[in-house]
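# An overview of the molecular structure
As a plain string of letters, each chain reads:
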Amino acid sequence: MQTNNYILPAEWEPQSAIQLTWPHAETDWAYMLNDITATYVEMAREIADHERLIVAAPHIAEVKSLLDSVLPAASAANITYHACPTNDTWARDHGFLTLIPTDKESGHAPLLLDFCFNGWGCKFAADKDNAINRSLYDSHVVTGTYESHLDFVLEGGSIESDGRGTVFTTSQCLLAPHRNQPLSQAQIEQQLIARLHAKRIVWLDHGNLIGDDTDGHIDTIVRVAPDNTLLYIGNVSPDDEQYDDFCALEQQLRSLLTASGKPYRLLSLPMPDAIFDDDGSRLPATYANFLVTNEKVLVPVYGQKANDEAAISTIASAFPSRKMVAIDSRPIIRQHGSIHCCTMQLPLDVVKD
């Protein structure tokens, strides 16, 4: 497998579409379907006003009727619907990981990498979600060269790319049970380099949010931004039970060097004040789980004015050319995710007008 003619683009590079996998009554959202649907409508509104949106769902007529009734006509026309069975809604983890050619004039099609999604280490049913990519491809909703990597478990939320060959991940997730055992960390790294056409893998070893079902996805704690910038959860109160873990994360980030041997620009995001579920369990609220689109950044907020404003300001400093849009993510974290977890971007030339 060649490693020099394709690359995993950074999220802020030009996109052809964003994918949402819509909640419905047969998902774990059933008990709060109205609340989460309203949040998805808001995400759809903010995406489809400037970018193609793909909506995957078992009952697309119902979703289309809803969105047609609440969105401007131009935005509604920007949505492509795809009917398919789904277990849940976490497009970040079951969606394609797409590589683009490094030579834009080569004429090579994007590579659509279809990895195995097994419900974050066999915690939840994922058989229907694991088939969504092939369904999208066979229905010509997406175009490119399909590559099956279903022999290897990899979730989109577990990696971050700088678009120049460096891929970040966490040891706590990729080495967690029921992913790719009995492979060692070194063997998994070689698999990532080969399959993602990466030049190097940076492993982070700290910062696992309480309540995170994913075993420590990187997109909940550290995000990559332009100009060798890393945004991370760092302003943690000493009274927070996660304080020591996130201090260790910050120390590790300060020790990292770019591929050219320079320190990263580090921007610290606040830790939201603790939010608890009805049973008293802490939910994994995080400001790191934002989505970058062609014109905007959709930022999760939690009804905490000072923290919300600080997070938006910090993220805006990393993406100064984009509009910051706050999305109330308190409904999403009830199922232990946030905005980035719900979405997957597709690079240019993957979705045709």
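Preceding block: the structure.
Presented here is a report on the structure given in the accompanying data block. Here the structure is a predicted model, which is why all the values come from computation and not from measurement.

What counts as what
- Residues numbered from 1 in each chain as written.
- Predicted model: local features only at pLDDT ≥ 70, side-chain atom pairs only at ≥ 80, totals over all residues.
- Heavy atoms only, no water.
- Helix = DSSP H or I, 4+ residues; strand = E, 2+ residues; numbered from the N terminus.
- Buried < 20%, exposed > 50% of the residue type's maximum accessible area, 1.4 Å probe, protein only.
- Contact = heavy atoms within 4.5 Å.
- Phe/Tyr/Trp six-rings, centres within 6.5 Å; stacked < 30°, edge-to-face > 60°.
- Lys NZ or Arg CZ within 6 Å of the ring centre and 35° of its normal.
- Axes fitted to C-alpha atoms, helices over the stretch in contact; angles between N-to-C directions.
- Parallel < 35°, antiparallel > 145°, perpendicular 65-115°, else oblique.
- Left-handed = near helix turned anticlockwise from the far one by under 90°.
- Nonpolar A, V, L, I, M, F, W, Y, C, P; charged D, E, K, R; others polar.
- Pairing = 2+ DSSP bridges.
- Core = buried A, V, L, I, M, F, W, Y, C linked by side-chain atoms within 4.5 Å.

## Points about the environment of Ile315
- Structurally, Ile315 can be placed in helix α10 (residues 305–318).
- Take Ile315: its relative accessible area is 0%, and that puts it in the buried class.
- C-alpha of Ile315 to C-alpha of Gly303: the two residues are twelve residues apart in sequence and 17 Å apart in space.
- Each residue touching Ile315, except ones within four places of it in the same chain, is listed here: Leu231, Leu269, Tyr287, Phe290, Val297, Val299 and Met324.

## Comments concerning the packing of aromatic side chains
- Evaluation of the coordinates by the stated rule reveals eleven aromatic pairs.
- Taking the centre distance of 5.1 Å and the plane angle of 80 degrees together, the rings of Phe117 and Trp120 count as edge-to-face.
- For Phe117, a relative accessible area of 4% corresponds to the buried category.
- A relative accessible area of 8% means that Trp120 is categorised as buried.
- Pairwise contacts between aromatic rings join Trp12, Phe290 and Phe319 into one cluster.
- Of note, Arg134 hangs over the ring of Tyr146, and the distance from its end group to the ring centre comes to 4.3 Å.

## A word on the environment of Asn133
- Among the secondary structure elements, Asn133 is positioned in helix α6 (residues 132–138).
- C-alpha separation for the pair Asn133 and Leu97, spaced 36 residues apart in sequence, amounts to 9.9 Å.
- Non-local contacts of Asn133, meaning those with residues more than four positions away in its chain, are made with His94, Gly95, Phe96 and Asp114.

## Topic: the packing of helix α1 (residues 33–48) against helix α2 (residues 60–70)
- In contact at an axis separation of 11 Å, α1 and α2 are set at 60 degrees when each is read in the N-to-C sense. One finds that α1 runs oblique with respect to α2. In terms of crossing hand, the pair formed by α1 and α2 is right-handed. Taken together, the residues of α2 that come into contact with α1 (itself represented by Thr37, Val41, Ala44 and Arg45) are Leu66, Leu67 and Val70.
- Here the residues of the contact of α1 with α2 sort into five nonpolar, one polar and one charged.

## A closer look at the sheet that holds strand β12 (residues 229–235)
- Spatial strand order, β11-β12-β13: three strands in an open sheet with mixed pairing. Because the sheet does not close on itself, it has two edges, and the strands there are β11 (222–225) and β13 (265–270). With direction set aside, neighbouring strand axes in the sheet form an average angle of 35 degrees.
- Here β11 pairs with β12 via four bridges, running antiparallel. Within the sheet, the bridge partner assigned to Ala225 lies in β12 and is Thr229.
- Seen against the sheet, helix α9 (residues 243–255) touches β11, β12 and β13 and runs at an angle of roughly 155 degrees to β12.
- Where α10 meets the sheet, it contacts β11, β12 and β13, and its direction lies at approximately 160 degrees from that of β13.

## Digging into the nonpolar core
- Core analysis: the biggest nonpolar cluster contains 40 residues, and Val222, Leu231, Ile315 and Phe319 have the highest contact counts within it.
- Mapped onto this core, the elements with two or more residues apiece are β10 (200–204), β11, β12, α9, β13, β15 (296–301) and α10.
- Tallying contributions element by element places β12 first for this core, with four residues.
- Beyond its immediate chain neighbours, meaning those up to four positions away, Phe319 contacts Trp12, Val224, Ala225, Pro226, Leu231, Phe290, Val292, Val297 and Met324.
- Counting residues in each nonpolar core, the second largest holds 32 residues, with Trp29, Ala48, Leu71 and Ile339 among its members.

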